[in-house]
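Report on the structure
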Amino acid sequence: MNAVDLINKTKKNVPLTDNEIKWLINSYTAGELPDYQMSAWLMAVCFNGLTEEETLALTYAMRDSGDILHLDIPMTADKHSTGGVGDKTSLIIGPTAAACGVCMAKMSGRGLGHTGGTIDKLESIKGFRTDLSVHEFEDILHKIGFSVISQSDSLCPADKKIYALRNATGTVNSIPLICASIMSKKLATNADVLLLDVKYGSGAFMKSRSDAEKLAAIMEKIGKSAGKKCRAVVTDMDIPLGKNIGNALEVEEAINILRGNERGRLYEICIDLTADILELAGKGNRSECVRMAENAISSGTALDVFRKTIELQGGNPAVCDDISLLPHSRFSYKVKAAHDMKISGFDTEELGMVSLLLGAGRIEKDDRIDMSAGIVMNVRPGDCIMAGETIMTLYSTICSDFSEAAVRAVNAVISEKINYHIPLT
Ligand code: URA
């Protein structure tokens, strides 16, 4: 077989056979196909899509690039989000579901495009390791019921390589590529219960609800056909999820939620998604599952699980009690309102890009991340603020010149000019 023929076929919308897809994936994983040819094929997929059969073949070829886990645990669950800005739900849902008795065996990825990744977020905790051996992963699951592992040379190596390549070549945004990336990981960890959180809106890869529904449908179909108890839900990502964007900042916010200190939209969505997992795992009816998830947070048992997982994966568990132990940035910049305004919304993808610019993600494949970098939002849509009030604060350690980030951040705020001044009569 030859890569140029296969690239041309996809370019001309001629479906590839299962064997052709396997050959592409195996040759790339083995280092026999160069990045430039894989990138060209990925770009053709971004433009032309793949048939359902090709998407399935791609998912299985990527899963089979490494081992499939057969853990010595009666039932495991996994949850995956298709990606968004400020989406730290996995850090909350994993320990909460585990505290309710569901073993959460999670395989995650790093930041992708304008979105953050669970692996990068967890690695902002000093010492935290996600390159676990299968034995370590299983041992942690036995001990505490929640562990997070990354793709590796033995687990989904094809996704490890392709994920990093997509991030550096503008080839993230594609239903079949996202589906195969996520489902290959989920089928490799081989959890019995799968919850897929498909995001749509300005901060998501799927901008429209109908595209998100298409992605949800195909992922759920693949999950169910592999014999999993699988549910895909479609949730809104038009505005950042929670207040903080960026790795350590998001861990801090997740810990605050697990401490029971914060309520609001992020808390509600985490309770809802945890209840989905508990329901799928047969823990009770909807209202019982919601109550169990709420109790796990209010009683502190979810935080206890997170603390123990951090310790078992080599991190400093004291961060759960003292968030000043997380990386903090050297520089900060307050983005202020130039005039009285009512916030109507955000260009949330652009906020993700600003966070990347500050150092929170990778622009080139091998970029190092500034774990302290990111954004803390002070306002939500509907808020009215006066001239001079802070809209958001930008944080960075590697970048002390905030001029470009500040201009882009201001432009990412959608607002109406108002006048707070009430004339005296
Ligand atoms: N998460 C993944 O693991 N892969 C994608 O392509 C998008 C989100």
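Since we're looking at a predicted model, the values are computed, not measured.

Procedures and definitions
- Each chain has its residues counted from 1, running along the sequence as written.
- Two thresholds apply to this predicted model, a pLDDT of at least 70 for residue-level local features and 80 or more for giving and counting side-chain atom pairs, whereas whole-chain, interface and lining totals are computed over all residues.
- Side-chain numbers here rest on the full set of heavy atoms in the structure, without hydrogens or water.
- Definition of nearness: a residue and a molecule or strand are near each other if at least one heavy atom of the residue lies within 4 Å of the molecule or strand.
- The term polar contact refers here to a pair of N or O atoms within 3.5 Å; inside protein, the definition further demands a hydrogen-donor-capable atom paired with an acceptor-capable atom, and it admits residues adjacent in sequence only when both atoms are side-chain atoms.
- Note that accessible areas follow from Shrake-Rupley with a 1.4 Å probe, and for residues the cover is restricted to the protein chains shown.
- A simple rule labels every residue: compare its accessible area, found with a 1.4 Å probe on the protein chains alone, to the largest value its type can have, and call it buried under 20%, exposed over 50%, or partly exposed in between.
- Only DSSP runs of H or I with at least four residues qualify as helices, and only runs of E with at least two residues qualify as strands; both kinds are numbered from the N terminus onward.
- Should DSSP find at least two bridges between two strands, the strands are taken to pair.
- Working convention: axes come from line fits to C-alpha atoms, limited for helices to the stretch in contact. Angles between N-to-C directions cover 0 to 180 degrees.
- Any two residues having at least one pair of non-hydrogen atoms within 4.5 Å are treated as being in contact.
- Throughout, the edges of the domains are those of an automatic or database domain assignment.
- By nonpolar core we mean a set of buried residues, namely Ala, Val, Leu, Ile, Met, Phe, Trp, Tyr and Cys, connected to one another through side-chain atoms within 4.5 Å.
- Note on aromatic pairs: the rings of Phe, Tyr and Trp (six-membered ring only in Trp) are paired at centre separations within 6.5 Å, and the planes decide the class, stacked below 30 degrees, edge-to-face beyond 60, tilted for the rest.
- Note on criteria: charge over ring means Lys NZ or Arg CZ within 6 Å of the ring centre, with the direction from the centre no more than 35 degrees off the ring normal.
- One speaks of a salt bridge when a side-chain nitrogen belonging to Lys or Arg is within 4 Å of a carboxyl oxygen belonging to Asp or Glu.

1. Considerations on the site of the ligand
Taken together, the residues surrounding the ligand are His80, Ser81, Thr82, Leu112, Tyr163, Arg166, Ile178, Ser181, Ile182 and Lys185. Contacts to the ligand include His80, whose side-chain N or O atom sits 3.0 Å from an oxygen atom. Measuring from a nitrogen atom of the ligand, one finds a side-chain N or O atom of Ser181 at 2.7 Å. Relative to its unbound accessible area of 240 Å², the ligand is 96% covered by the protein chains.

2. Structural notes on the pairing of strand β4 (residues 193-200)
Across the 8 residues that make up β4, a large majority, 8, are buried. Burial along β4 is two-sided: Val193, Leu195, Asp197 and Lys199 facing one way and Leu194, Leu196, Val198 and Tyr200 facing the other are all buried. By the bridge criterion, 5 bridges tie strand β1 (residues 76-81) to β4 in an arrangement that is parallel. Across the sheet, residue Asp78 finds its bridge partner in β4, namely Leu194. Note: β4 against strand β5 (residues 229-236), 8 bridges, orientation parallel. Its bridge partner being in β5, Tyr200 is matched across the sheet by Asp236.

3. Observations regarding the sheet that holds β5
An order of β3-β2-β1-β4-β5 is seen for the 5 strands of this open sheet, with the pairing classed as parallel. Looking at strand neighbours, the two that pair on one side only are β3 (146-150) and β5, the edges of this open sheet. In this sheet, adjacent strand axes meet at a mean angle of 20° when their direction is disregarded. Contacting β4 and β5, helix α10 (residues 209-225) crosses the sheet at an angle of about 170° to β5.

4. Examining the sheet that holds strand β11 (residues 390-396)
Read from one edge to the other, the open sheet built from 4 strands follows the order β6-β9-β11-β7, with strand pairing classed as antiparallel. Edge positions in the sheet fall to β6 (244-245) and β7 (331-336), since each of these pairs with one other strand and no more. By the bridge criterion, 2 bridges tie β6 to strand β9 (residues 374-377) in an arrangement that is antiparallel. Within β9, the position partnered with Asn244 by the bridge is Val376. Contacting β6, β9 and β11, helix α15 (residues 348-360) runs over the sheet at an angle of about 135° to β9. Where helix α16 (residues 403-411) meets the sheet, it contacts β7 and β11, and its direction lies at approximately 145° from that of β11.

5. A short note on the domain arrangement of the protein
Per the domain assignment, the segments making up the protein are domain 1 (3-63), domain 2 (76-160 + 171-323) and domain 3 (329-417). Distance between the C-alpha centres of domain 1 and domain 3: 37 Å.

6. Some remarks on the nonpolar core
Counting 52 residues, the largest nonpolar core has Ile92, Ile125, Ile255, Ile277 and Phe306 as the members making the most contacts within it. Among the elements of the structure, α5 (89-99), α6 (118-123), β3, β4, α11 (247-258), α12 (265-280), α13 (286-298) and α14 (301-312) are those that each provide at least two residues to this core. With 10 residues, the top contributor of residues to this core is α12. Sequence-distant contacts of Ile255, defined by excluding residues within four places in its chain, comprise Leu303, Phe306, Val319, Cys320 and Ile323. One finds Val354, Ala360, Ile391 and Ala406 within the second-largest nonpolar core, a separate group that totals 26 residues.

7. A few points about the side chain of Thr76
Residue position: Thr76 is located in strand β1. Excluding residues that lie within four positions of it along the chain, Thr76 makes contacts with Leu71, Cys103, Ala105, Asn190, Ala191, Asp192 and Val193.

8. What about the side chain of Asn167?
Along the chain, the position of Asn167 falls in helix α8 (residues 157-169). Looking at Asn167, its side chain comes within polar contact range of the main-chain nitrogen of Gly113, at 2.5 Å. Those residues in contact with Asn167, other than ones at most four positions away along the chain, are Gly111, Leu112, Gly113, Val172 and Arg362.

9. Considering the environment of Thr397
The topology assignment puts Thr397 in the loop between β11 and α16. Between the alpha carbons of Thr397 and His80 there is a distance of 30 Å; along the sequence they are 317 residues apart. Setting aside chain neighbours within four positions, we find Thr397 in contact with His328, Ser329, Arg330, Phe331, Asp370 and Ser372. At 3.1 Å, the side chain of Thr397 and the backbone nitrogen of Arg330 are in polar contact.

10. With respect to the packing of aromatic side chains
Here the structure, examined in full by the defined rule, presents 1 aromatic pair. Centroid distance Tyr333 to Phe402: 5.8 Å. Interplanar angle 20°. Geometry classified as stacked. Linking Tyr333 in strand β7 with Phe402 in the loop between β11 and α16, this pair joins segments that are 69 residues apart in sequence. Over the ring of Tyr267 we find Arg263; its NZ or CZ atom is 4.1 Å from the centre of that ring.

11. Examining unusual backbone geometry
Here the phi dihedral of Cys156 falls at roughly 50°; this positive angle occurs in a residue that is not glycine. For Cys156, a relative accessible area of 0% gives the class buried. Of note, the phi angle at Asn190 is positive, near 65°, even though the residue is not glycine. Turning to its location among the elements, Asn190 is positioned in the loop between α9 (175-189) and β4.

12. Quick notes on the pattern of salt bridges
Across all of its chains, the model carries 31 salt bridges by this definition. Here Asp276 makes a salt bridge to Arg231, at a shortest N to O gap of 2.5 Å. You can see Asp276 sitting in helix α12 and its partner Arg231 sitting in strand β5, a full 45 residues away along the chain. Note on Arg231: relative accessible area 25%, which makes it partly exposed. With a closest N to O distance of 2.6 Å, Glu350 and Arg408 form a salt bridge. With Glu350 in helix α15 and Arg408 in helix α16, this pair connects stretches of sequence that are 58 residues apart. Look at Glu350 and you get buried, because its relative accessible area is 19%. Take Arg408: its relative accessible area is 23%, and that puts it in the partly exposed class.

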